[in-house]
Amino acid sequence: MSCSCTSSSTHDNLQQDVMDKINNHPCYSEGAHQHYARIHLAVAPACNIQCNYCNRKFDCSNESRPGVTSSKLSPIDAVKKVLYVGGKIQQLSVVGIAGPGDALANPKKTFETFKLLQEKAPDLKLCLSTNGLRLPEFIDEIVKYNVDHVTVTINSVDETGEIGSKIYPWIHWNHKKVFGKQAAKILLEQQIKGIQMLTKRGILVKANSVLIPGVNDKEVANVAKKLKELNVFLHNIMPLLSKPEFGTYYGLNNQRSATDQEVMQAQEACGMDMKLMAHCRQCRADAVGLIGEDRSNEYSDDIFKDKSWQELEDIYNIKAREQRHALIENWRKALDSANERVKIEQASKEQLSSNNKTKLIAVTSAGEGTINLHFGSATEFLIYEAGDKAIKFVMHRKVENAYCKGPEDCDGSYPIEEIKQTLKDIDLLLTEKIGDCPQEELRKIDLITDDSYALEPIEKSVFQAAKKHFFYEKEMEVN
């Protein structure tokens, strides 16, 4: 087995069947997310709860948020799209149904899609995301169609419903709307019951929690404790996105978004109880490609809808896909060897550093586990915490605009303030290449840049750069 999403000690303790399930799953394995792609199928438009952070909009190609899609698909067209995309993006390994509503509020469309996928693309892993309200009702169908990864969004475990009522105005339950605390209590009961049934059947569960400042920011640690009791595999703490233009209740009522620093604090509070997912990108309901990129606009419906099943199966070409995946695994083994297992998941400062001192290091990468992206092209940064003993991956951070708008306009005139704000607490930036002007700007926030590790493995480079940085600091102290 190649790279995993865990430290080597944890890796040894995981059962082989679990490792097989997560090895090439970009959401469940941090080690896989730079190598394997996913596709979300927007076949589930209806939803049975209302969340204050959600607005299910269509035709929103420039917005990357859960619940957003450019079009809805029928099950047949969805599977045709998978075959077409899977042939063009051979590293595609996972198909998920994540909306734009709730997968289990649209059970007929959801399970018809999975049935067709079993027949036409048997090499793909199948996933669904749900709010959990109807989860206990569909456990047998989930098992029947080999859906072995289920994500449940659970934002509170407060049994009084007080916190939940501030997040969910209502749910649709037993053919009527239920409001307030009662709605929150019913939802929580169903979520816990459903998760218990899933884990009993050996299905891997990932729990999403939206971090909402002033609402559930103190509650997420309790959520993590409960998830551990329920044998949930992975906990993903996502920042609330609440810009007014999103049209959500929170966005229109001045509820601010969560900051990167608040997410890091929540991760620290939860990390000792639960294994955390730190590489989530809060993907659209029609996302296509590697996590961190969205190629959905490349695959409009008219490209694949009129093609015959035979044409699409020829494009999909399972044998060619198998060969591509074998090459990816060989590359991951080489990376694993080069990185010398310097990374520890969810490590404490004591595990990372001999003197309790660590640095935050940002990296620009286009995937494949190397530092292979120019600073000017970066719209996101991978963030690591590094000490003199080991490193750990912390999170990714996005910016809306890259520094360089293109080869015709890369003179440093483009504003860098958003990037400076995003990286204000970062000590060191490793990138493939960076110009003098942005370097000077980043020095104003005491951020050192280094492009000497271009095209090198990320984890090894982060560790070496951190040690070099610590050495220079010690030399400065001596002198």
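Structural notes, computed from the coordinates. The shown structure was predicted, so the numbers you read here are calculated from the model rather than taken from an experiment.

What follows covers the sheet that holds strand S15 (residues 428-430). Pairing between the strands of a sheet is mediated by backbone hydrogen bonds and can be parallel or antiparallel. Strand order across the open sheet formed by five strands is S14-S13-S12-S15-S16, with mixed pairing between neighbours. Looking at strand neighbours, the two that pair on one side only are strand S14 (391-398) and strand S16 (448-450), the edges of this open sheet. Taken over all neighbouring pairs, the strand axes of this sheet differ in orientation by 25 degrees on average, direction set aside. Against the sheet, helix H10 (residues 260-270) engages strand S12 (359-363) and S14, with an angle of about 145 degrees to S14.

Here we take up the sheet that holds strand S7 (residues 176-179). Pairing is antiparallel across the open sheet formed by three strands, whose spatial order is S2-S6-S7. Each edge of the open sheet carries a strand with a single partner, namely strand S2 (49-50) and S7. In this structure, strand S6 (residues 170-173) lies alongside S7, joined through four bridges in antiparallel fashion. Looking across to S7, one finds that Trp-173 is bridged to Lys-176. Taken strand by strand, helix H7 (residues 180-200) contacts S2, S6 and S7, and its axis lies near 105 degrees from that of S7.

Turning our attention to the environment of Asp-148. Tracing the backbone through its elements, the reader meets Asp-148 in strand S5 (residues 147-153). Each C-alpha atom of the pair Asp-148 and Gly-202 lies 7.9 Å from the other, and the pair is 54 residues apart in sequence. Setting aside residues up to four positions removed in sequence, Asp-148 forms contacts with Lys-21, Leu-126, Ile-203 and Leu-204. Within polar-contact distance, the side chain of Asp-148 engages the side chain of His-149 at 2.7 Å.

Throughout the structure, instances matching the rule amount to nine aromatic pairs. Measuring from ring centre to ring centre gives 5.9 Å for Phe-111 and Phe-138, while their planes differ by 35 degrees; the resulting arrangement is tilted. Here the residue Phe-111 occupies a position in helix H4 (residues 107-120), and Phe-138 occupies one in the loop between strand S4 (125-130) and helix H5 (139-144), the gap between them amounting to 27 residues. The pair Phe-111 / Phe-138 is uniform in exposure class, with both members buried. Through pairs of rings, three or more aromatic residues link up here, namely Phe-111, Phe-114, Phe-138 and Tyr-145. Positioned above the aromatic ring of Trp-309, the side-chain terminus of Lys-80 is 5.6 Å from the ring centre. When the ring centre of Trp-170 is taken as origin, the NZ or CZ atom of Lys-177, which lies over that ring, is 4.1 Å away.

Let us look at the side chain of Thr-370. Relative to the elements of secondary structure, Thr-370 occurs in the loop between S12 and strand S13 (380-386). Under the relative-accessibility criterion, Thr-370 is labelled buried at 7%. Setting aside its immediate chain neighbours within four residues, Thr-370 contacts Gln-34, Trp-331, Leu-335, Thr-364, Ser-365, Leu-455, Glu-456, Pro-457 and Ile-458.

Once that is clear, we can look at the pairing of S4. Extensive coverage of S4 is indicated by the burial of five of its six residues. Both strand S3 (residues 92-97) and S4 contribute to a ladder of four bridges, which runs parallel. Bridge pairing in S4 places Val-94 opposite Lys-125. One crossover worth recording links S3 to the parallel S4 by way of H4, and it is right-handed. Two strands pair when backbone bridges link them, and S4 and S5 are joined in this way by five bridges, in the parallel orientation. Bridge pairing in S5 links Leu-128 to Val-150.

On to the environment of Ala-32, then. Locating Ala-32 in the fold gives a position in the loop between helix H2 (16-22) and strand S1 (37-40). Along the sequence, Ala-32 and Gly-369 sit 337 residues apart, while their C-alpha atoms lie 9.3 Å from each other.

A few words now on helix H8 (residues 220-229). Every buried residue of H8 is accounted for by Val-220, Ala-221, Val-223, Ala-224 and Leu-227. One face of H8 carries all of its buried residues, which in axial projection span an arc of 155 degrees. Contacts from the buried residues of H8 go to strand S8 (204-211), strand S9 (234-239) and H10. Phi for Asn-231, located one or two positions after H8, is positive at around 65 degrees.

Basis of the calculations
Note on numbering: residues in each chain are counted from 1, in written sequence order. It should be noted that, the model being predicted, local features are given only for residues of pLDDT at least 70 and side-chain atom pairs only at 80 or more, the latter also being counted only at that level, while totals for whole chains, interfaces and linings use all residues. Processing note: side-chain calculations cover all non-hydrogen atoms of the structure and skip hydrogens and water entirely. Pairing between strands is defined by DSSP: at least two bridges between the two strands are required. Segments assigned H or I by DSSP are reported as helices when at least four residues long, segments assigned E as strands when at least two residues long, and all are numbered from the N terminus. Each axis is a line fitted through C-alpha atoms, taken for helices only over the stretch in contact, and angles between the N-to-C directions span 0 to 180 degrees. Contacts between residues were defined by any pair of non-hydrogen atoms, one from each residue, lying within 4.5 Å. Any N or O atom pair separated by 3.5 Å or less is treated as a polar contact, with the protein-specific requirement of one donor-capable and one acceptor-capable atom, and with residues adjacent in sequence counted only for side-chain atom pairs. In summary, the pairing rule links any two rings of Phe, Tyr or Trp, Trp by its six-membered ring, whose centres are within 6.5 Å, and it sorts them by plane angle into stacked for under 30 degrees, edge-to-face for over 60 and tilted for everything else. Here the term buried applies to any residue with accessible area under 20% of the maximum for its type, exposed to any over 50%, and partly exposed to those in between, with areas from a 1.4 Å probe on protein chains only. Definition used: whenever NZ (Lys) or CZ (Arg) falls within 6 Å of the ring centre and also within 35 degrees of the ring normal, the charge is taken to sit over that ring. A crossover gets the label right-handed when its path from the first strand over the helix to the second runs clockwise, viewed with the strands pointing away from the viewer. What the arc measures is the spread of directions leading from the helix axis to the C-beta atoms.

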